[in-house]
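One-letter residues, chain by chain:
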Amino acid sequence: MTENYPSRLPMFRDRVPEWLRFPLLLVLPFVYQCSNPLYMNISAAVAGDTGLREVDVLMCGFACILGITVTFPLLFRLKFRFTTRQILLISSSAIVALSLLAEHVRLLPVLVLVCFVFGIFKVWGTFECMSSMMQVISPNMHLAPFLTVVFLAVFGGVELGGLVSTWISHYYTWHHVTYALVGVHLLVLLFALLLLKDFRFKPPVPLRGIDWTGMALWSLFLVGLTALFVYGETLEWLHSPALRVCLVVSFVALGANVFSLRREEESLHSSRDAENEGCEETNLWRMRHIGQPFIAPQCFRYRRLWPIMALFFISGVMLSSQTVLQGTLTAGVLRYDALNSVSLNWAILAGVVVGCYIGKWGLTGLGWSYKQLTFLSVAVTTMYVAAMCFLVSPQTPLAALALPCFFSGIGHALIFVVLTTYVESNTPFEHRFMMLTVLGLIRTGIASPIGNALFGHLLRVQTAYHLPLAGSPQAALTVALRNLYGLAILLGLLTLIIILASRFEDKRYITLPTLRRIHSLITQK
């Protein structure tokens, strides 16, 4: 049974045909990625019914994404501790409970915590399904084809989740979105109970040695920083005592993390040369109980990856224009309702599929370099903002926005496939998932909130400035949107120049270790 693990997917019961196993398991990542405790695209409906503000719903959405981000270093440890059946039962049960809890909780700090924990179980279920199919998706264990399917599930699930949640909330209420989510995950529970069995190809790995304190500190840093930029415009930045507390907590957590990393390095160095038996015992205790830091300091020393982190930041800021500016265009200038506006998700979804396909074949079939593909992804994203700049007008039909949104989907998916493959190819396996957390920290914890806050602030300033000259709020908003899309174009062109002047190391054919090899690496730590 263990010899046929890659093709047979032996976590299924014997009565499930082999040809049906992979399609059944492939559906589940889309289910998990469509799941959210509160959907940001229907924030107005949620806010109007619950008494929360729309920025509160936005903060809850970011908290869920941050929960996903900080869980990456733990995923293989969790995978080898529990079976696939156990993981799906735990994650879907938790999602059902947390979804119902999020529907009734009105105390904002508790609601943010619920959404953060929701993100942990969301990524756990997604990762278990994807990692179980890893050797089926890419029999040669090449990294690029596997990441292509991963990001297709991630971004495809996000767009489909937006479509479904908007439809249900439009024809019914936002509560029915939660009920539909609960019903789908009850089906996942039934699937795990009836079609899966507890299968292990290696002995379970205990969860001893995880740096839970480091995880908590990084989470505090990310949540505090995100809250600062999400609520900055609403609460007048540092004039608000609450935001001052968020800033202090965030940087105290960051300082504690930096201090603990330095102490960890010093203790490891001193353990090699220690002559004092008590000191040696202390270091051995730390190694047994902590193992390694939640994010190792070596992750910040790969100097060739710093430009990639900068590109993730810039792309995150540019893609924030889709959230802020495109939403303002469709609702404030074109006056479309949410149901019509969300139909553009189909064009974005098509772009995601094409972008993932380009990333896969560009790296594995066509022999394109990372530099060429990165340039292409930023160029397509710049084409999106350029097209939107020329289409800002009250007379623009909604169908005219489909092509720019298609470009947006291509750029978004392609840059993630290419840059994630590049980062993973330049780091050893023991640091790869830590690097995903670092990239998520930059993309989600810093770039997206900063981009949303920046474009939101500039939009309000520009609209107020042009209002006396334009004569009407709609005309002032039109001029302001054109100016900000023009600013995004300049940012994209500057990024293209930087890419042309940069040097990328070409390591195209990177392979993944097998699950057996990963298990051996973890048990040796």
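Residues numbered from 1 in each chain as written. Predicted model: local features only at pLDDT ≥ 70, side-chain atom pairs only at ≥ 80, totals over all residues. Heavy atoms only, no water.

**Let's talk about the packing of aromatic side chains**
1) Next: For the coordinates displayed, the defined rule picks out 15 aromatic pairs.
2) Next: Geometrically, the ring pair formed by phenylalanine 155 and phenylalanine 416 is edge-to-face, given 5.2 Å between the ring centres and 75° between the ring planes. Here phenylalanine 155 is found in helix 9 (residues 143–171), whereas its partner phenylalanine 416 is found in helix 18 (residues 402–425), with 261 residues between them in sequence.
3) Next: Overall, the relative accessible area of 11% leaves phenylalanine 155 in the buried class.
4) Next: Relative to tryptophan 237, the ring of phenylalanine 229 has its centre 6.1 Å away and its plane inclined at 75°; by these criteria the two rings are edge-to-face.
5) Next: By relative accessible area, tryptophan 237 is classed as partly exposed at 31%.
6) Next: Over the face of the ring belonging to phenylalanine 82 we find arginine 81, whose NZ or CZ atom lies 5.2 Å from the ring centre. (Phe/Tyr/Trp six-rings, centres within 6.5 Å; stacked < 30°, edge-to-face > 60°. Helix = DSSP H or I, 4+ residues; strand = E, 2+ residues; numbered from the N terminus. Buried < 20%, exposed > 50% of the residue type's maximum accessible area, 1.4 Å probe, protein only. Lys NZ or Arg CZ within 6 Å of the ring centre and 35° of its normal.)

**Looking at the packing of helix 11 (residues 212–235) against helix 19 (residues 429–470)**
Angle between the axes and distance between the axes are the two parameters that describe a pair of packed helices.
1) Next: Put simply, helix 11 and helix 19 touch, their axes get as near as 8 Å, and they point 10° apart. Between helix 11 and helix 19, the angle falls in the class roughly parallel. Across from Trp218, Phe221, Leu222, Leu225, Thr226, Phe229 and Glu233 in helix 11, the residues of helix 19 making contact are Leu441, Gly445, Ile446, Pro449, Ile450, Ala453, His457 and Arg460.
2) Next: Residue composition of the contact of helix 11 with helix 19, by class: ten nonpolar, three polar and two charged. (Axes fitted to C-alpha atoms, helices over the stretch in contact; angles between N-to-C directions. Parallel < 35°, antiparallel > 145°, perpendicular 65-115°, else oblique. Contact = heavy atoms within 4.5 Å. Nonpolar A, V, L, I, M, F, W, Y, C, P; charged D, E, K, R; others polar.)

**Section: the packing of helix 4 (residues 54–71) against helix 7 (residues 108–132)**
1) Next: Put simply, helix 4 and helix 7 touch, their axes get as near as 7 Å, and they point 40° apart. As judged from the angle between their axes, helix 4 and helix 7 are oblique. For the crossing formed where helix 4 meets helix 7, the hand is right-handed. In contact with Asp56, Met59, Cys60, Ala63, Cys64, Leu66, Gly67, Ile68, Val70 and Thr71 of helix 4, helix 7 contributes Leu108, Leu111, Val112, Cys115, Phe116, Phe118, Gly119, Ile120, Lys122 and Val123.
2) Next: Its residues assigned to classes, the contact of helix 4 with helix 7 comprises 15 nonpolar, three polar and two charged. (Left-handed = near helix turned anticlockwise from the far one by under 90°.)

**Things to note about the pattern of salt bridges**
1) Next: Applying the stated rule across the entire model yields five salt bridges.
2) Next: Residues glutamate 128 and lysine 79 are paired through a salt bridge, measuring 3.1 Å at the closest nitrogen-oxygen approach. Highlighted residues: glutamate 128 in helix 7 and lysine 79 in helix 5 (residues 75–79), separated in sequence by 49 residues.
3) Next: On the basis of relative accessibility, which here comes to 1%, the residue glutamate 128 falls in the buried class.
4) Next: Between aspartate 198 and arginine 85 there is a salt bridge whose closest N-O contact spans 3.7 Å. Of this pair, aspartate 198 sits in the loop between helix 10 (174–195) and helix 11 while arginine 85 sits in helix 6 (residues 84–104), and the two are 113 residues apart along the sequence.
5) Next: With relative accessibility at 45%, the residue aspartate 198 sits in the partly exposed group.
6) Next: Relative accessible area serves as the criterion here: at 16%, arginine 85 is assigned to the buried category. (Salt bridge = Lys/Arg side-chain N within 4 Å of Asp/Glu carboxyl O.)

**Focus on unusual backbone geometry**
1) Next: Within the chain, glutamate 236 stands out as a residue other than glycine whose phi angle is a positive 65°.
2) Next: Within the fold, glutamate 236 resides in the loop between helix 11 and helix 12 (241–273).
3) Next: Notably, tryptophan 237 is not glycine yet its phi reads approximately 55°, a positive angle.
4) Next: Looking at the secondary structure, you find tryptophan 237 in the loop between helix 11 and helix 12.

**Focus on the side chain of serine 99**
1) Next: For serine 99, the location among the structural elements is in helix 6.
2) Next: On the accessibility criterion, serine 99 (1% relative accessible area) is buried.
3) Next: Contact partners of serine 99, with chain neighbours within four places excluded, come to Phe118, Thr178, Leu181 and Val182.

**A look at the environment of lysine 202**
1) Next: Within the element layout of this structure, lysine 202 appears in the loop between helix 10 and helix 11.
2) Next: Classification of lysine 202 by relative accessible area gives partly exposed; the value is 33%.
3) Next: In this structure, the C-alpha to C-alpha distance between lysine 202 and tryptophan 368, residues 166 residues apart in sequence, is 38 Å.

**Some points on the environment of leucine 458**
1) Next: You can see leucine 458 is positioned in helix 19.
2) Next: What leucine 458 contacts, discounting residues up to four positions off in sequence, is Leu484 and Leu487.

**Quick notes on the environment of histidine 457**
1) Next: Note on placement: histidine 457 falls in helix 19.
2) Next: The class of histidine 457 is partly exposed, set by a relative accessible area of 32%.

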